[in-house]
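Breakdown of the fold
The lines below spell out each chain.
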Amino acid sequence: MKKKRMWSLQFSTAAFVLIPAAVGINFLGKLFASVLKLPLWVDAIGTVLASMLAGPIVGAIVGVVNNVVYGFTTDPVSFVYAITQAVIGLVAGIMAYRGWISNVGKAIVLGVVVGFIAAIVSTPLNIMFWEGTTGNVWGDALFATMLAKDMPLWLASFADSIVVDVPDKVVTVLLSFLIFKGLPKNVKLMYDNQGEIERL
Amino acid sequence: MSVLRVVNLKYKYPDSHRFALNDISFTVEKGEFLGIVGMNTSGKTTLCYALSGLVPHFFKGAYGGDVYIGDMDVLSHEISEITAKVGLVFENPFLQMTGAKFTVYDEIAFGLENQGVPRDVMHERIRESMKLLDIEGLQGKNPFSLSGGQMQRVAIASVIAMQPDVLILDEPTSQLDPEGAEEVFRVVEKLADEGMTIIMAEQKMEKLAAYADRILLLYDGKLIEDGKPEEVFSREDLNEFGVEPPVYVKISRALGLRNEMSGLYPISLEQMPTERDIQFHPVTKTNNGNTTSELIVRDLHFGYEKGQDVIRGLNVTLSGEPIAIIGQNGAGKTTFVKLLKALLKPDTGEILLNGAPLSETTAAKLASRIGLIFQNPNDQIFKHKVIDEVMFGPLNIGQTGEEALANAKEMLALVGLADKADENPYDLSLAERKMVAVASILAMDTDVVIFDEPTMGQDVRGKSKVQEIIHSLHEKGKLVICILHDMDFVADTFGRTIIFSNGGMLFDGPTREAFAQEEALRLARVEQPNITKLVQRLGYDRIILRATELI
Amino acid sequence: MNNMTLYVSRDSPVHRVDPMTKLLFVFISITSTYILSDHLAVLGILLFTFFILLIGKVFKSILPVIGVSFLLIASIIIVQGFFHPDRATVLFEIGPIAIYKEGFLIAFLITLRVVNMVAAFGVLILTTKPDDLVEALLQKGLSPKFGYVLLSVLQIIPQMVALTGKITDAQRARGMETEGGIWMRFKSFLPLLGPVVLNSLTETRERSIALEIRGFNAKGNRTFLYERKNYRYSVPFRIALIAFFLAVIAWRVIS
């Protein structure tokens, strides 16, 4: 998988077909999490898997398409966070390429980093669009507490995002990692395959 | 000039050391119908991929020899140029719908738009191909709302509209129910009559015997024989290559009926000699006398929506010998077995397992008593290794790690996958994955085992494996219930058959009697087994279930 | 069959407007509310958006969509009303807690913006068929491959959702529990999600083949099955929208 050119814009047909599948996986992750009443979103497994398989650019596209489609079909507010999802795909893809999915420990680190960066990207959006809240009850409670103690808005808003994003992304990346490790050879090969035809 | 010419074709998939195709050469002339036969790993699909350029361009790997389509060589052209001349239709109808179009009409247009066909020509070609495939009535429907047989016809129409020189069909009916398969065979016959050059890989040998001008027999990537159907099917060693001859050949072989001139067996009804008098000695399978668990169903009613009963007042006792349930799609068979497994709750009526009502237990608790093997193994497999997948159920119902491992190993051996225990289930073929799902339920060592369509997509060897499994479960004193579409298999395997139609039972009794119930079979839209039909067409008024019953 | 869109099929003047013009409207309507910080002006824009929805005969359909954002809006009002850093003037008190005028005004403004955002997207989403929008983007030069991606998502997700029932049945048949403590529920997440993920990733191979067969990578000019309907008023509408937008910017710069 090291031979793969990370920033190639020449997508194979398989990469194009992967994008809708990954968006579907995001959607079902979220669906099962709510059916099982889990206290997390787990709505980026597809994005992370796509970037592990096909690189950061495909991962980023999955992120954008995911939120555009979700905005179109359920909640227009999610258009705003298309950038966050794109960055999640990008970061996961780059770090996966650099070997941060070789074991569970590294995968956890990857999850924390993805969560942090997601929060960094979300914070200006939250401030710009809604003065710092996120709509998540726990996060917003922390946000309110920090404001009450006269901490700066940006810091409170950042903390608001962190407490929500980091645990969620750690779980998301960990589950994606487990699934990725278990992918059949024929799938991994299809996405690694920049190979040449060998003439016998 | 030949439409298609294959010269010393050799191919290995990337990361594999085995030749999937090994030194294959043949040619196809315009208007020919070429059949490809062979067992599941023989290379049929790879050959179809090679003829349409997917091997090597999509799969990469190591490629030797040449394939020419007309005067174009496959190796130095792109897939889109090749598929303009060669149309490919494969097994899974659902995956051939692009997903980007919301009506059948637009779906057929997808390829034409990509090819840059002018608009008015496009409309004309879409209409023509819909007419040819008899799907004009579906043009405004969403492709995903169609039945498998309809979808497969849309897939063929989409390819035909691109006006290829050759049409390649890779087991187009293996994932369809009998009705859908018939729909597809009808249009294949029509296309062949229109003079289309067709290459078809297929497991239903009766169909190939009827349509094909020539047959290629493949085994382990090699071309064993390229000959006329009667020559290929008359080979005495055919079974060694995992291929079962058409029923006519089986009967003729049992009776020793060869054409005296050619020494070949007849492959169609017309070729069957009529002068030979046939004697019969029907063998009735005797129950081994083992007692099994007993399921009693009393006045069972169930509907997914109020007022629309899917199961209408069922009364039956299930115990003893293995039982086959037959009937068309939508008759309520799967709903019935889900009720038996308490995955659904009856609206009224009750089900008793060894005298105790199921309503007092939950599906998860019942897991250790009743095993249900669903049609599609892909709905359940999620572990990285076959062995872990098989151990999931046993561990859930409280077997210890050692017990679970021992049971899993035993069952993997029974289904013939002992050497695949450490592989990833998704690296296996669909037929093998079905066997993983079977083992994963059997390892829970339940008293009752219910199969939903275990033979679908299996080749001859797979089917005889399923038969072996059913016998072995019965030997161990388990109650086996089986939903089936494959009547030949029912005739050969089961002593008791239930005919299901419209949420009720039309018949329940010995299999031989079941296949004598012409009215019930007609209502349930089920055909008699091939051999039964054949014997009747030869003018005998007997219900025959196996070739070995003929003298 | 549900194919995942909020599109409401009606015959209205708004439905007939071409998708690109509606897209421009969405952009201008939303950005204007963020450029302007005057309550009345933002309210005006919101009312205008509502007016368009009314003409489009889809006003009722926007309410549940706004409802999805209810938690966000409630959170904005409460948190900003009580705790906004600029709080100074007490508006009124509930027991020991004070609501501040500054925070409340900001909360009110943001709420107007959020509702307008949802409503403006609603104009596009509720009155435009997704395939018409993608078709319009394709003819504007969007790569057909991305067009494929956008449209197939809408069809593939319902197909995947339809699998969930079958998977749940299959795993319950193997003794998996979906109820119980949090750890129990968490443990059943993978058996439920795993099969869909593995399947849909494995299936990408055959789906890619299906696309390749149908000339997905064909070079050369592509054609379209349907002729693009030219919308008569798109030019004046677009000019009006842009003129409005320029005025908004000018006002902001001046004031």
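Being a predicted model, the structure only gives us computed values, none of them experimental. (Residues numbered from 1 in each chain as written. Chains lettered and ligands numbered in written order. Predicted model: local features only at pLDDT ≥ 70, side-chain atom pairs only at ≥ 80, totals over all residues.)

**A few points about helix 5 (residues 104-115) of chain B**
All names here are of chain B. Among the twelve residues of helix 5, twelve are classified as buried, and the element is accordingly described as predominantly covered. Along helix 5, the residues that are buried comprise V104, Y105, D106, E107, I108, A109, F110, G111, L112, E113, N114 and Q115. In this structure, the buried side of helix 5 is in contact with helix 6 (119-133) and helix 7 (148-160). Phi for G116, located one or two positions after helix 5, is positive at around 75°. (Buried ≥ 20, exposed ≤ 12 C-beta atoms within 10 Å, placed from the backbone. Helix = DSSP H or I, 4+ residues; strand = E, 2+ residues; numbered from the N terminus. Contact = placed C-beta atoms within 7 Å.)

**Considering the interface of chain B and chain A**
Facing the 14 residues of chain B at the interface are 14 residues of chain A. With four residues, the single largest contributor to the side of chain B that touches chain A is strand 4 (residues 61-69) of chain B. Here the residues of the side of chain B that touches chain A sort into five nonpolar, five polar and four charged. (Nonpolar A, V, L, I, M, F, W, Y, C, P; charged D, E, K, R; others polar.)

**Brief notes about helix 7 of chain B**
Between its first and last C-alpha atoms helix 7 of chain B spans 18 Å; for 13 residues at 1.5 Å apiece the expected length is 18 Å, and the two agree. In terms of burial, helix 7 of chain B is a largely internal element, 13 of the 13 residues being buried. (Expected span 1.5 Å × (residues − 1).)

**Considering the sheet that holds strand 9 (residues 214-219) of chain B**
Whenever strands of a sheet pair, they do so through backbone hydrogen bonds, lying parallel or antiparallel. Residues and elements named next belong to chain B. Taken in spatial order, the six strands of this open sheet run 6-7-8-3-9-10, and their pairing is mixed. Every other strand in the sheet has two partners, leaving strand 6 (86-89) and strand 10 (222-227) as the edge strands with one partner each. Going from strand to strand, the sheet's axes swing by 15° on average, the running direction of each strand aside. Of the strands in this sheet, strand 3 (33-37), strand 6, strand 7 (166-170), strand 8 (197-201) and strand 9 touch helix 1 (residues 44-51), which is tilted by about 155° from strand 7. (Pairing = 2+ DSSP bridges. Axes fitted to C-alpha atoms, helices over the stretch in contact; angles between N-to-C directions.)

**As for the interface of chain C and chain A**
Taken residue by residue, the interface counts 57 residues in chain C and 46 residues in chain A. When residues of the side of chain C that touches chain A are traced back to their parent elements, those giving at least two are helix 4 (59-68), helix 5 (70-83), helix 6 (101-127), helix 8 (144-173), helix 9 (182-187) and helix 10 (189-213) of chain C. No other element matches the 16 residues that helix 10 of chain C contributes to the side of chain C that touches chain A. Partitioned by chemical class, the residues of the side of chain C that touches chain A number 38 nonpolar, 14 polar and five charged.

**A short note on unusual backbone geometry**
Residue and element names in this part refer to chain B. The omega angle of the peptide bond from V55 to P56 is 10°, so this bond is cis rather than trans. One can find P56 in helix 2 (residues 54-57). At N354, a residue that is not glycine, the phi angle is positive and equals roughly 50°. Positionally, N354 belongs in the loop between strand 14 (348-353) and strand 15 (356-357). The backbone of E453 shows a phi angle near 60°, a positive value even though the residue is not glycine. By the secondary structure assignment, E453 is in the loop between strand 17 (448-452) and helix 17 (460-475).

**What to know about the domain arrangement of chain C**
Taken domain by domain, chain C comprises domain 1 (13-135 + 229-254) and domain 2 (143-213). Each of domain 1 of chain C and domain 2 of chain C has a C-alpha centre, and these two points are 36 Å apart. (Domains from an automatic or database assignment.)

**A closer look at the packing of helix 2 (residues 45-54) of chain A against helix 3 (residues 56-73) of chain A**
Between two packed helices, both the angle of their axes relative to each other and the distance between the axes serve to describe the pair. Residue and element names in this part refer to chain A. Taken N-terminus to C-terminus, the directions of helix 2 and helix 3 make an angle of 155°; their axes are 7 Å apart at the nearest point. As judged from the angle between their axes, helix 2 and helix 3 are roughly antiparallel. As helix 2 runs across helix 3, the sense of the crossing is right-handed. Between helix 2 and helix 3, the residues in contact are G46, T47, A50, S51 and A54 and P56, V58, G59, V62, G63 and N66, respectively. Broken down by class, the residue content of the contact of helix 2 with helix 3 amounts to five nonpolar, six polar and no charged. (Parallel < 35°, antiparallel > 145°, perpendicular 65-115°, else oblique. Left-handed = near helix turned anticlockwise from the far one by under 90°.)

**Here's the deal with the nonpolar core**
One broad trend across soluble globular proteins is that nonpolar side chains are buried collectively. In this structure, L18 and I19 of chain A together with A439 and I499 of chain B are the most contacted members of the largest nonpolar core, which totals 317 residues. Both domain 1 (13-135 + 229-254) and domain 2 (143-213) of chain C contribute no fewer than three residues apiece to this core. Filtering out sequence-adjacent residues up to four positions away, A439 of chain B remains in contact with V390, M411, L412, V415 and L417 of chain B. (Core = buried A, V, L, I, M, F, W, Y, C linked by C-beta atoms within 7 Å.)

**Side note on the pairing of strand 20 (residues 504-510) of chain B**
For strand 19 (residues 496-501) of chain B and strand 20 of chain B, the ladder comprises six bridges, and the chain directions are antiparallel. Residue pairing in the sheet places T497 of chain B in a bridge with G509 of chain B of strand 20 of chain B.

**Some points on the sheet that holds strand 13 (residues 323-326) of chain B**
Residue and element names in this part refer to chain B. With mixed pairing, six strands are arranged side by side in an open sheet as 16-17-18-13-19-20. Each edge of the open sheet carries a strand with a single partner, namely strand 16 (370-373) and strand 20. On average, adjacent strands in this sheet sit at an angle of 15° to one another, irrespective of strand direction.

**Quick word on the packing of helix 5 (residues 104-130) of chain A against helix 7 (residues 153-181) of chain A**
Residue and element names in this part refer to chain A. At a minimum axis separation of 6 Å, helix 5 and helix 7 run at an interaxial angle of 145°. Judged by the twist between their axes, the crossing of helix 5 over helix 7 is right-handed. For the contact of helix 5 with helix 7, the residue count by class is 18 nonpolar, eight polar and three charged.

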